[in-house]
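What follows is the residue order along each chain.
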Amino acid sequence: MSLPTKPATFLRRDDVIGYEGRWRRVRALTRQTDTLEGEVVVVAVAWEEGGFDRFPAEAELLLKPAAEHG
């Protein structure tokens, strides 16, 4: 069985994604344009567990099915 993925640009608050070997719940996100990378849209994600990271908008992220995280 393969798990679904979702592009970073379509993430929503409360999505649970696999990142750095753990399931992490999205607490907040913003979309930014990174001019240093030549106008690349990035998604900044803050985790419910603390911390944050940035992903290119088109990055495919592993999504935990809703039935598994309630």
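Look a little higher up for the structure.
Residues numbered from 1 in each chain as written. Predicted model: local features only at pLDDT ≥ 70, side-chain atom pairs only at ≥ 80, totals over all residues. Heavy atoms only, no water.

Trainee: What is the right way to look at the pairing of strand 3 (residues 22-34) in this model?
Mentor: Looking down a regular strand, the side chains alternate between one sheet face and the other. Both strand 2 (residues 16-19) and strand 3 contribute to a ladder of 4 bridges, which runs antiparallel. Within the sheet, the bridge partner assigned to Ile17 lies in strand 3 and is Arg24. (Pairing = 2+ DSSP bridges. Helix = DSSP H or I, 4+ residues; strand = E, 2+ residues; numbered from the N terminus.)

Trainee: Whenever I open this one, the environment of Ser2 confuses me. Can you help?
Mentor: Looking at the secondary structure, you find Ser2 in the segment before strand 1 (5-7). Separated by 60 residues in sequence, Ser2 and Leu62 have C-alpha atoms that sit 9.8 Å apart.

Trainee: I'm lost on the pattern of salt bridges in this one. Help?
Mentor: A side chain with one charge may pair with a side chain of the opposite charge, provided their charged atoms come close. Applying the stated criterion across every chain, the model contains 3 salt bridges. Salt-bridge contacts for Asp15 lead to Lys6; the nearest nitrogen and oxygen are separated by 2.9 Å. You'll find Asp15 and Lys6 in the same group, each marked buried. A salt bridge links Arg24 to Glu20, with the nearest nitrogen and oxygen atoms 3.3 Å apart. (Salt bridge = Lys/Arg side-chain N within 4 Å of Asp/Glu carboxyl O. Buried < 20%, exposed > 50% of the residue type's maximum accessible area, 1.4 Å probe, protein only.)

Trainee: I keep staring at the packing of aromatic side chains and nothing clicks. Help me out?
Mentor: How two aromatic rings sit relative to each other is set out by the distance from centre to centre and by the angle between their planes. In this structure the tally under the stated criterion is 3 aromatic pairs. Summarising the aromatic geometry, the rings of Tyr19 and Phe55 are spaced 5.2 Å apart at their centres and angled 80 degrees between planes, so their arrangement reads as edge-to-face. You can see Tyr19 sitting in strand 2 and its partner Phe55 sitting in strand 5 (residues 52-56), a full 36 residues away along the chain. The burial state of Tyr19 is the same as that of Phe55; both residues are buried. Taking the centre distance of 6.4 Å and the plane angle of 75 degrees together, the rings of Trp47 and Phe55 count as edge-to-face. The exposure class of Trp47 is buried, given its relative accessible area of 2%. Here the aromatic residues Tyr19, Trp47 and Phe55 are joined through ring pairs into a cluster of three or more. Taking the ring centre of Trp47 as reference, the NZ or CZ of Arg24 above it sits at 5.7 Å. (Phe/Tyr/Trp six-rings, centres within 6.5 Å; stacked < 30°, edge-to-face > 60°. Lys NZ or Arg CZ within 6 Å of the ring centre and 35° of its normal.)

Trainee: Just checking my understanding: could you explain the environment of Phe10 for this structure?
Mentor: Tracing the sequence through the fold places Phe10 in the loop between strand 1 and strand 2. Not counting residues up to four positions away in its chain, the partners in contact with Phe10 are Asp15 and Arg31. (Contact = heavy atoms within 4.5 Å.)

Trainee: Which parts of the structure should I look at to understand the pairing of strand 6 (residues 60-63)?
Mentor: Across the two faces of strand 6 the burial differs, with Leu61 and Leu63 buried and Glu60 and Leu62 not buried at all. Inspection of the sheet shows strand 1 paired to strand 6 by 3 bridges, in the antiparallel sense. Residue pairing in the sheet places Thr5 in a bridge with Leu62 of strand 6. Summarising the sheet, strand 2 and strand 6 pair through 2 bridges and their orientation is antiparallel. Counted as the bridge partner of Ile17 is Leu63 from strand 6.

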